[in-house]
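Each chain, letter by letter, is given below.
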Amino acid sequence: MSFFSKLRERLTRSSSKIGEGLDDLVKDSATPEPSRAELPEETGLAPAPAPGLPPMPAPLEGELVRSEPARVEPARVEPVREEAARPGVIGRLFGRSEAEPRRELDDEMLEELEEMLIQADMGVETALRVTANIAEGRLGRKISSSELKELLASEVTRIMTPVAKPLPIYPKKPQVVLVVGVNGSGKTTTIGKLASQFRAAGKNVVIAAGDTFRAAAVEQLQVWGKRAGVPVLTAPEGSDPASLAFDAMTRAEADGADLLMIDTAGRLQNRQDLMEELAKIVRVIRKKDPSAPHNTLLVLDATTGQNALSQVETFQKLADVSGLVMTKLDGTARGGVLVALADRFGLPIHAIGVGEQIDDLDAFDARDFARALVGLD
Ligand SMILES: Nc1nc2c(ncn2[C@@H]2O[C@H](COP(=O)(O)OP(=O)(O)OP(=O)(O)O)[C@@H](O)[C@H]2O)c(=O)[nH]1
């Protein structure tokens, strides 16, 4: 099964259900589609002004680039409407006998849409912006749920495309990847999955079990190291993580390793300690390579929803976060938080996790994600 199929299946299987929400949104207040005879000669595809609605505000400065693709969108969705509105010949040809329900895109519908996106953890600001872009030039038109899904998917794609970047690989040996995140976010699993993929790509990888205070975390990492066929360097329980990081650098250099992945503790309860611990790790590895760490990956758990936003803020203060990995996108109603993260921070999203197995991690693809999120194929 391709990763996209898996992503779609798992996002759909989950309680995310934005797609179903959009169906209901249109269905609940849809007016019956006029028969062909009732349709005006020109099918009314040109945007009609919505009675009593204020004109759309001009885009804010800095949003020009953003709103540009949105204006192009009608061209993509209108053929769908035209076909749907004319079930006659085309509908029969393609086996479509019934026209889709349509609802007028008005203030009330936009409010409902906005509310739904907020419920899906897209965040208020992002939900407002997405809704405004969908409304632009379309107020007063009748819209079907598949058109709405296409519009939403392209809005989400537009927001996510600039952040969909695989983990950059540098010629530097070893490339040091510091992995940070709160306990339980999926750091260990992500390190295991990444190590396995890099190994499969012919890279020589070393892992350092930097959360030296939790024996269970170290054991877990060893299990993943075995699975991935990668050595895991450990230190006695309670020993200094920075000293382990230094030893790991030495070993990785001696082995000619391509990548050194360093796991770290995620105790946010004592922020000051954690900040000092991370700073010390960085100081020590810079003695060996002043340009390290080359990546600081923040691992976030999608099931924490909006909390992921405050985790990014916190970790940006603790470490120089260079990119994100979002785990546990399976089984969550909160996939929309990724859109909020991209919109707010613009940090690269290197990969997403949709399960506990070794191959349940893949590069983040904006379009695939957007379509899976809104329930489109
Ligand atoms: N469903 C699902 N579970 C995941 C995913 N990634 C990690 N997990 C599970 O989440 C739990 C925590 O993952 P860990 O990798 O141990 O998290 P951690 O951040 O290293 O946690 P500590 O070791 O406590 O610091 C484990 O049970 C994993 O199997 C994912 O993408 N989907």
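Small disclaimer: the values here were computed from a predicted structure and weren't measured.

1. A short note on the overall build of the protein
Phase 1 of the analysis: If you tally the helices and strands in the protein, you get 14 helices and ten strands.
Phase 2 of the analysis: Split into buried and exposed, the 377 residues of the protein put 51% on the buried side.
Phase 3 of the analysis: Across the protein, the fraction of contacts at a sequence separation of at least 24, relative to all contacts at a separation of at least 6, is 81%.
Phase 4 of the analysis: Surface summary for the protein: the accessible area is close to 17,000 Å², and the carbon and sulfur share equals 52%.

2. A short note on helix α13 (residues 337-345)
Phase 1 of the analysis: Of all nine residues making up α13, seven are buried, and the element is well covered by its neighbours.
Phase 2 of the analysis: Remark: G346 follows α13 within two positions and exhibits a positive phi of approximately 65°.

3. Focus: the packing of aromatic side chains
Phase 1 of the analysis: Enumeration according to the criterion identifies one aromatic pair in this entry.
Phase 2 of the analysis: Taking 5.3 Å as the distance between ring centres and 55° as the angle between the ring planes, the aromatic pair formed by F364 and F369 counts as tilted. For the pair formed by F364 and F369, the shared burial category is buried.
Phase 3 of the analysis: Above the ring of W224, the side-chain terminus of R227 is found at 4.3 Å from the ring centroid.

4. What about the site of the ligand?
Phase 1 of the analysis: Lining the immediate environment of the ligand, one finds 18 residues, of which G184, T188, T189, D330 and E356 sit closest.
Phase 2 of the analysis: Between the ligand and the protein, one listed contact pairs an oxygen atom with a side-chain N or O atom of E356 at 2.6 Å.
Phase 3 of the analysis: Starting from 640 Å² of accessible surface for the ligand in isolation, the protein chains cover 79%.
Phase 4 of the analysis: It is helix α8 (residues 187-200) that contributes the most residues to the shell around the ligand, four residues altogether.

5. Here we look at the pattern of salt bridges
Phase 1 of the analysis: Within this structure, the stated rule accounts for 19 salt bridges.
Phase 2 of the analysis: With its nearest N and O atoms 2.8 Å apart, the salt bridge here joins R251 to D255. Here R251 and its partner D255 are both found in helix α10 (residues 241-255), four residues apart, which amounts to about one turn of the helix.
Phase 3 of the analysis: By relative accessible area, which is 34% here, D255 ends up partly exposed.

6. Description of the pairing of strand β7 (residues 295-301)
Phase 1 of the analysis: Within β7, seven of the seven residues are buried, which leaves the element mostly enclosed by the surrounding structure.
Phase 2 of the analysis: Going residue by residue along β7, you find N295, L297, V299 and D301 tucked away on one face and T296, L298 and L300 tucked away on the opposite face as well.
Phase 3 of the analysis: Pairing of strand β3 (residues 175-180) with β7, which is carried by four bridges, proceeds in the parallel orientation. Residue pairing across strands places V177 opposite N295, the latter belonging to β7.
Phase 4 of the analysis: Here β7 runs beside strand β8 (residues 323-327); their pairing, made up of five bridges, is parallel. From the neighbouring strand, D301 faces β8, where its bridge partner is T327.
Phase 5 of the analysis: Crossover connection from β7 via helix α12 (residues 307-318) to parallel β8: handedness right-handed.

7. Re the packing of helix α2 (residues 18-28) against helix α5 (residues 107-119)
The description of two helices packed together rests on the angle between their axes and the distance between the axes.
Phase 1 of the analysis: Running from N to C, α2 and α5 cross one another at 165°; their axes reach a closest spacing of 11 Å. The angle between α2 and α5 places the two elements in the roughly antiparallel class. The crossing of α2 and α5 is right-handed. Contacts between α2 and α5 pair I18, G21, L22, L25 and V26 from the former with M109, E112, L113 and M116 from the latter.

8. Concerning the environment of T250
Phase 1 of the analysis: By the element assignment, T250 lies in helix α10.
Phase 2 of the analysis: Note: C-alpha distance between T250 and K288 (38 residues apart in sequence) is 8.0 Å.

9. Re the environment of L105
Phase 1 of the analysis: Position of L105 relative to the elements: it lies in the loop between β1 (102-104) and α5.
Phase 2 of the analysis: Judged by relative accessible area, L105 falls into the buried class, the value being 1%.
Phase 3 of the analysis: Between the C-alpha atom of L105 and that of G140, which follows or precedes it by 35 residues, the distance is 5.3 Å.
Phase 4 of the analysis: Beyond its immediate stretch of four places on either side in the chain, L105 contacts L110, I134, A135, R138, L139, G140, R141 and I143.

10. Focus: the sheet that holds strand β4 (residues 205-208)
Phase 1 of the analysis: Here we have eight strands laid out as an open sheet, ordered β5-β4-β6-β3-β7-β8-β9-β10, and mixed in their pairing. The open sheet has two edge strands with one neighbour each: β5 (232-233) and β10 (361-363).
Phase 2 of the analysis: Contacting β3, β7 and β8, α12 crosses the sheet at an angle of about 155° to β7.

11. Re helix α6 (residues 124-135)
Phase 1 of the analysis: The terminal C-alpha atoms of α6 lie 16 Å apart, and with twelve residues this matches the ideal 16 Å at 1.5 Å per residue to within 8%.
Phase 2 of the analysis: Among the residues of α6, T126, A127, V130, T131, N133, I134 and A135 are the ones counted as buried.
Phase 3 of the analysis: Looking one or two residues past α6, G137 carries a phi angle of roughly 75°, positive in sign.

Here is what the cut-offs are and how they apply
- Residues numbered from 1 in each chain as written.
- Predicted model: local features only at pLDDT ≥ 70, side-chain atom pairs only at ≥ 80, totals over all residues.
- Heavy atoms only, no water.
- Helix = DSSP H or I, 4+ residues; strand = E, 2+ residues; numbered from the N terminus.
- Buried < 20%, exposed > 50% of the residue type's maximum accessible area, 1.4 Å probe, protein only.
- Contact = heavy atoms within 4.5 Å.
- Areas by Shrake-Rupley, 256 points an atom, 1.4 Å probe, with all protein chains shown as cover.
- Phe/Tyr/Trp six-rings, centres within 6.5 Å; stacked < 30°, edge-to-face > 60°.
- Lys NZ or Arg CZ within 6 Å of the ring centre and 35° of its normal.
- Near = heavy atom within 4 Å.
- Polar contact = N/O pair within 3.5 Å; in protein donor to acceptor, adjacent residues only side chain to side chain.
- Salt bridge = Lys/Arg side-chain N within 4 Å of Asp/Glu carboxyl O.
- Pairing = 2+ DSSP bridges.
- Right-handed = clockwise from strand over helix to strand, strands pointing away.
- Axes fitted to C-alpha atoms, helices over the stretch in contact; angles between N-to-C directions.
- Parallel < 35°, antiparallel > 145°, perpendicular 65-115°, else oblique.
- Left-handed = near helix turned anticlockwise from the far one by under 90°.
- Expected span 1.5 Å × (residues − 1).

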